[in-house]
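Okay, here's what each chain looks like letter by letter:
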Amino acid sequence: MIDDAKTASEPVRLTDTPGALAGLLETAQRAAFSGAQKLNCVSLALDVGPLARPGEAVFTDAVIDRTTRSLLFVQSRVLRHSDGVVLATGSGIYQILTP
């Protein structure tokens, strides 16, 4: 784990749209990368936990597991703001695009 590659978001309201949890997880993962290069999502796996209701206040966090010259491996979570219960987790692999 790279300590300086952690992020946490401010609370947001969960929307009632398909893919809302996946979108939050991917956004958190991309935010953990501070490089100037663009990222291409190669793989995004998510696990859903307890029921997440539209309108609930949630926040995300993410941490970079490791990077190579061309790949970024990131873990992220969506947590309920009121009690910190993990609602979903995600693992992402991103290709680091060089100009």
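Each remark here, short or long, concerns the structure printed above.
Residues numbered from 1 in each chain as written. Predicted model: local features only at pLDDT ≥ 70, side-chain atom pairs only at ≥ 80, totals over all residues. Heavy atoms only, no water.

Let us look at the overall build of the protein. The secondary structure content of the protein amounts to one helix and six strands. For the protein, the C-alpha radius of gyration of 13 Å lies close to 13 Å, the compact-globule estimate for 99 residues. Here the C-alpha coordinates of the protein stretch approximately 40 × 25 × 20 Å along the principal axes. The buried share of the protein, reckoned over its 99 residues, is 32%. Considering only contacts within the protein whose residues lie at least 6 apart along the sequence, 64% involve residues at least 24 apart. Accessible surface computed for the protein: about 5900 Å², of which carbon and sulfur atoms make up 53%. Here the protein contributes 9 positive and 10 negative side-chain charges, whose respective centroids are spaced 4 Å apart. (Helix = DSSP H or I, 4+ residues; strand = E, 2+ residues; numbered from the N terminus. Rg over C-alpha atoms; globule rule 2.2 N^0.38 Å. Buried < 20%, exposed > 50% of the residue type's maximum accessible area, 1.4 Å probe, protein only. Contact = heavy atoms within 4.5 Å. Areas by Shrake-Rupley, 256 points an atom, 1.4 Å probe, with all protein chains shown as cover. Lys, Arg positive; Asp, Glu negative; His and termini not counted. Charge placed at Lys NZ, Arg CZ, Asp CG, Glu CD.)

Of all 10 residues that make up strand 5 (residues 71-80), seven are buried, and the element is covered over most of its length. Alignment of strand 4 (residues 57-67) against strand 5, held across nine bridges, turns out to be antiparallel. Bridge assignment links Asp61 to a residue of strand 5, and that residue is Arg77. In this structure, the hairpin formed by strand 4 and strand 5 is closed by a connection of three residues. Sheet topology note: the strand 5/strand 6 (residues 86-97) ladder contains nine bridges and is antiparallel. Pairing of Gln75 across the sheet is with Ser91, part of strand 6. Counted along the chain from strand 5 to the antiparallel partner strand 6, the turn is five residues long, and its residue Gly84 has a positive phi close to 75°. (Pairing = 2+ DSSP bridges.)

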